[in-house]
Amino acid sequence: MSEIQKVAVVTGAGSGVGRAVALALTGAGWSVALAGRRAEALEETARLAGELRADDLSAGELPAGGRTLVVPADVTRPEDVDRLFTAVRTEFGPLGLLFNNAGMFGPPVPLEDLTYEQWRAVVDVNLTGAFLCAQAAFRAMKAQDPQGGRIVNNGSISAHVPRPNSVAYTSTKHAMTGLTKSLSLDGRAYRIACGQIDIGNAATEMTARMTTGIQQASGTTAVEPVMDVTDVARTVLHMAELPLEANVQFATVMATTMPYIGRG
């Protein structure tokens, strides 16, 4: 089986799912580039990773690696993405994993009230940003020796079914599935695996409204159950550490009783 290059890029690493995945990876001995717009938030993730590393070193549990590199970057800007992957290659060497996680919701307004600027902002981050990072990772993985690596895209339950008033977010997450399938197919010749994790109601800053009430398909508002974000991180770590001969193409991880099955 192929040895995994334990070097990763995590976008949107300053909070939520991105931070949880970055901590899980560093705890498993991966060297991780932390990318995102907010330098202070990335530094906090790096600090938390350092604390975990210190605790594990004292217990004699941490494998080799576990380093972090803070790279403030806007994934919608090609020059920022190029700088990110150049920094990773210079600091860590061959790339083993991209966790394509950066994303945003649009405002929960009726479709006819969504402005062009609001639509474009969501598409730029969720779709164009994911493409630019995947393209840069693909280039790196194809060029390095040995070839290969893995891309894990953060989809969403909304890659399957929408919520009310979510046309921009839902459209981009459906498009993420197409990106995942194309990368998976185009990567076969170069030992580049690509999978997608679709997450439902992980407890993060972005999903805080689930605990106070969110609009349902019926028009009512209801509180929805959430799950610990570390459960998502463990799933991404499992996907990341498979040999390149194996791939989780799609995984759905959700709060068990959230209104997804039977939504509507």
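As a reminder, the structure under discussion sits directly above these lines.
The structure contained in this document is the topic of the report that follows. Please read all numbers here as calculations on a predicted model, not as lab measurements. (Residues numbered from 1 in each chain as written. Predicted model: local features only at pLDDT ≥ 70, side-chain atom pairs only at ≥ 80, totals over all residues. Heavy atoms only, no water.)

1. Focus: the nonpolar core
What counts, and what does not: Nine residue types can take part in a nonpolar core, namely buried Ala, Val, Leu, Ile, Met, Phe, Trp, Tyr and Cys, and a core is a set of them joined through side-chain atoms within 4.5 Å. Using a 1.4 Å probe on the protein chains alone, a residue whose accessible area is under 20% of its type maximum counts as buried, one over 50% counts as exposed, and one in between counts as partly exposed. Under the DSSP-based scheme used, a helix requires at least four consecutive residues in state H or I and a strand at least two consecutive residues in state E, with every element numbered from the N terminus. The contact criterion used throughout is that any non-hydrogen atoms of two residues lie within 4.5 Å.
Counting residues in hydrophobic clusters, the biggest one holds 34 residues, and the most contacted among them are Leu-25, Trp-30, Ile-197 and Val-232. Among the elements of the structure, strand 1 (7–11), helix 1 (16–27), strand 2 (31–36), helix 2 (39–59), strand 4 (97–100), strand 6 (192–200), helix 6 (229–240) and strand 9 (250–254) are those that each provide at least two residues to this core. Broken down by element, this core gets its largest block of residues, seven residues, from helix 6. With residues up to four places along the chain from it excluded, the contact list for Leu-25 reads Ala-8, Val-10, Trp-30, Val-32, Leu-97, Leu-237 and Ala-240.

2. Looking at the sheet that holds strand 5 (residues 149–154)
The pairing of strands in a sheet comes from backbone hydrogen bonds and takes either a parallel or an antiparallel form. Rule in force here: Here a strand pair is declared whenever DSSP counts at least two bridges between the two strands. An axis is simply a line fitted to the C-alpha atoms; with a helix, the fit covers only the stretch in contact. Between two such axes, the angle follows the N-to-C directions and lies from 0 to 180 degrees.
As summarised here, the arrangement of the seven strands in space is 3-2-1-4-5-6-9, forming an open sheet in which the pairing is parallel. Each of the sheet's edge strands pairs with one partner strand only, and the pair in question is strand 3 (68–72) and strand 9. With direction set aside, neighbouring strand axes in the sheet form an average angle of 15°. When strand 2 meets strand 3, the two strands line up parallel, connected through five bridges. Bridge pairing in strand 3 links Leu-34 to Val-70. Against the sheet, helix 3 (residues 78–91) makes contact with strand 1, strand 2, strand 3 and strand 4, and its axis sits at roughly 160° relative to strand 3, the strand it touches most. On top of the sheet, helix 4 (residues 116–143) reaches strand 1, strand 4, strand 5 and strand 6; it is set at about 175° to strand 4, its chief contact.

3. Topic: the pairing of strand 6
Each regular strand carries side chains that alternate between the two faces of the sheet. Spelled out, the test is: A crossover counts as right-handed when, viewed with the strands pointing away from the observer, the path leading from the first strand over the helix to the second turns clockwise.
The buried count for strand 6 comes to nine of nine residues, which makes it a mostly enclosed element. Burial along strand 6 is two-sided: the residues Ile-192, Cys-194, Gln-196, Asp-198 and Gly-200 and Ala-193, Gly-195, Ile-197 and Ile-199 are all buried. As judged from the six bridges shared by strand 5 and strand 6, these two strands associate in the parallel manner. Of the residues in strand 6, the one forming a bridge with Ile-151 is Cys-194. Of the crossover connections in this fold, the one passing from strand 5 over helix 5 (residues 167–186) to the parallel strand 6 is right-handed. Sheet analysis places strand 6 next to strand 9, joined by five bridges and oriented parallel. Residue pairing in the sheet places Ile-199 in a bridge with Val-253 of strand 9.

4. Side note on the environment of Val-70
In this fold, Val-70 is placed in strand 3. Residue Val-70 is classed as partly exposed on the basis of its relative accessible area, which comes to 22%. Distance from Val-70 to Leu-34, taken between C-alpha atoms, is 4.9 Å for residues 36 residues apart in sequence. When neighbours within four sequence positions are excluded, Val-70 is seen to be in contact with Leu-34, Leu-42, Glu-43 and Ala-46.

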